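Examination of the molecular architecture
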Amino acid sequence: MPEHLPIILHHFDESPFSEKIRLIFGLKNIAWTSVRISRIMPRPDLMPLTGGYRRTPVMQIGADIYCDTQRIIRELEHRFPAPTLSSDRGEGLAWASAMWTDKSFFQNTVNLVFGSLADKVPQSFIEDREKLRGAKFDIAAMTAAIPQMRDQYRAHVGWIETQLAGGHPWLGGAAADLVDINAYMNVWYVRSNLAVADQLLAEFPKVRAWEERIRAIGHGTRTEMSTAEALRIGRAATPQTGEANDPHDPNGRKVGDLVDVRPDDYGRIAVRGRIVSLSAQSIAIRRHDDIAGDIVVHFPRAGFGVTPAE
């Protein structure tokens, strides 16, 4: 990585997915640059860099833009391999754990948090999330479902307690790894928003001790930067991603194909560009923006759809 290119995280402090990345900065002792974005749209300095992708967080290294925590984490692990995020019990399951923590566990957590906050949620936030999800952000329904959400949250946290009961301090064994980071996000989100967090976690002593160990990891060395400065850096830089085909791509995609990439659950805003590199786990597309210039945007494959541009 060219020394003059900082690692920039576009995030907001309340974002649970951003907390994952901030903890990895702490675990790997990484110096990073914080660019605080608004919780809701518009984000006029970020959208030219992402091509319209609007989920949080986004990592930027020069003119390379990394979307979704899966892809951000994979890049950080590649650039900063020690200490590793791989579990003592297997790297594959560590990566796969996000499909649990980021989807079913997180959806349950969101419903519990916003159902409990109820009328404290600003209308502007509700309207923004309805546009993001393409569906009603139904606070009343979430409130009505609180008893069920408490049951579900208890079940998820119970799995963490059971895993910790084996005698190891971390979910994967002797050292903190990606499974810990992924699972902690949902405990952190409840802790950050609900006064009843202690009550919800009271029966899980191993989880409470584990929570304290993770919190002690910290966030690495953080400095602040404006959104305008991050955009300037992106425009002045040259993407560093080299071309790489995937000889086993099951759909015959190749470098140079014009495609649309979008999440498959919510925030289904297509980002269009020509493939620069692709593999079983990631895809990078090159695009030109009148404001940001030439940019390469990186996505994971799991949880994202890739279709030919029409």
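As shown above, the structure is provided for reference.
The notes below deal with the structure included here. The structure displayed is predicted, hence computed values, not measured ones. (Residues numbered from 1 in each chain as written. Predicted model: local features only at pLDDT ≥ 70, side-chain atom pairs only at ≥ 80, totals over all residues. Heavy atoms only, no water.)

1. Points about the overall build of the protein chain
Looking only at helices and strands, one finds twelve helices and ten strands in the protein chain. Relative to the compact-globule value of 19 Å for 310 residues, the protein chain shows a C-alpha radius of gyration of 20 Å, a close match. Reported as C-alpha extents along the three principal axes, the dimensions of the protein chain are approximately 55 × 45 × 40 Å. The buried share of the protein chain, reckoned over its 310 residues, is 53%. (Helix = DSSP H or I, 4+ residues; strand = E, 2+ residues; numbered from the N terminus. Rg over C-alpha atoms; globule rule 2.2 N^0.38 Å. Buried < 20%, exposed > 50% of the residue type's maximum accessible area, 1.4 Å probe, protein only.)

2. Some remarks on the packing of aromatic side chains
All chains considered together, the criterion is met by 13 aromatic pairs. Taking 5.3 Å as the distance between ring centres and 20° as the angle between the ring planes, the aromatic pair formed by F114 and F125 counts as stacked. Linking F114 in helix α5 (residues 98–117) with F125 in helix α6 (residues 123–133), this pair joins segments that are eleven residues apart in sequence. Here the two residues F114 and F125 agree in accessibility, since each one is buried. Members of the aromatic cluster, each reached through a chain of ring pairs, are W100, F105, Y153 and W159. Seen from the ring of W95, R74 lies directly overhead, with NZ or CZ sitting 4.0 Å from the centre. (Phe/Tyr/Trp six-rings, centres within 6.5 Å; stacked < 30°, edge-to-face > 60°. Lys NZ or Arg CZ within 6 Å of the ring centre and 35° of its normal.)

3. Overview of the side chain of R54
Structurally, R54 is set in the loop between α2 (47–50) and β3 (58–61). Each residue touching R54, except ones within four places of it in the same chain, is listed here: M41, R43, M47, D128, R129, L132 and I269. (Contact = heavy atoms within 4.5 Å.)

4. Here we look at helix α12 (residues 227–236)
Among the residues of α12, those classed as buried are A230, L231, I233 and G234. When α12 is viewed along its axis, its buried side chains cluster within an angular range of 160° and face the same direction. (Arc of directions from axis to C-beta.)

5. Description of the nonpolar core
Within the largest apolar cluster, 87 residues are counted, with the highest numbers of intra-cluster contacts made by F114, I160, W210, I285 and F299. Ranked by the residues each element gives to this core, the list is headed by helix α9 (residues 178–193), at ten residues. If we ignore the near neighbours within four places in the chain, the residues touching I160 are W100, F105, L171, A183, V187, V207 and W210. Grouped together as the second largest cluster of nonpolar side chains are five residues, I8, V35, M225 and A230 included. (Core = buried A, V, L, I, M, F, W, Y, C linked by side-chain atoms within 4.5 Å.)

6. Quick word on the pairing of β3
Alternating positions in β3 separate into two faces, V58 and Q60 on one and M59 and I61 on the other, with burial throughout. As paired elements, strand β1 (residues 8–11) and β3 share three bridges and run antiparallel to each other. The partner of H10 across the bridge, within β3, is V58. Adjacent in sequence and paired antiparallel, β3 and strand β4 (residues 64–67) are bridged by two residues, among which G62 carries a positive phi angle near 65°. (Pairing = 2+ DSSP bridges.)

7. Thoughts on the pattern of salt bridges
The final tally for this structure, using the stated rule, is 24 salt bridges. Across the pair D13 and R36 runs a salt bridge whose closest N-O atoms are separated by 3.4 Å. Within this pair, whereas D13 is found in the loop between β1 and α1 (16–27), its partner R36 is found in strand β2 (residues 31–36), the two being separated by 23 residues in sequence. The exposure class assigned to R36 is partly exposed, which follows from its relative accessible area of 47%. Notably, a salt bridge pairs D13 with R222, separated by 3.1 Å at the nearest N-O pair. Of the two residues, D13 is situated in the loop between β1 and α1 and R222 in strand β5 (residues 221–225); the sequence distance between them amounts to 209 residues. Relative accessible area serves as the criterion here: at 28%, R222 is assigned to the partly exposed category. If you follow the salt bridges from partner to partner, you end up with D13, R36, R222 and E224 in one network. (Salt bridge = Lys/Arg side-chain N within 4 Å of Asp/Glu carboxyl O.)

8. Some thoughts on unusual backbone geometry
Look at the link from M41 to P42: it is a cis peptide, with omega at 10°. Among the secondary structure elements, P42 is positioned in the loop between β2 and α2. Cis geometry marks the peptide bond from A82 to P83; its omega dihedral reads -5°. Within the fold, P83 resides in the loop between α3 (69–79) and α4 (91–96). Unlike most non-glycine residues, D68 shows phi in positive territory, near 80°. In this structure, D68 sits in the loop between β4 and α3. Among the residues examined, D68 registers a relative accessible area of 10% and is labelled buried. One non-glycine residue, A118, adopts positive backbone phi at about 50°. Tracing the chain through its elements places A118 in the loop between α5 and α6.

Read these as layout, nothing more, since geometry by itself doesn't imply function.
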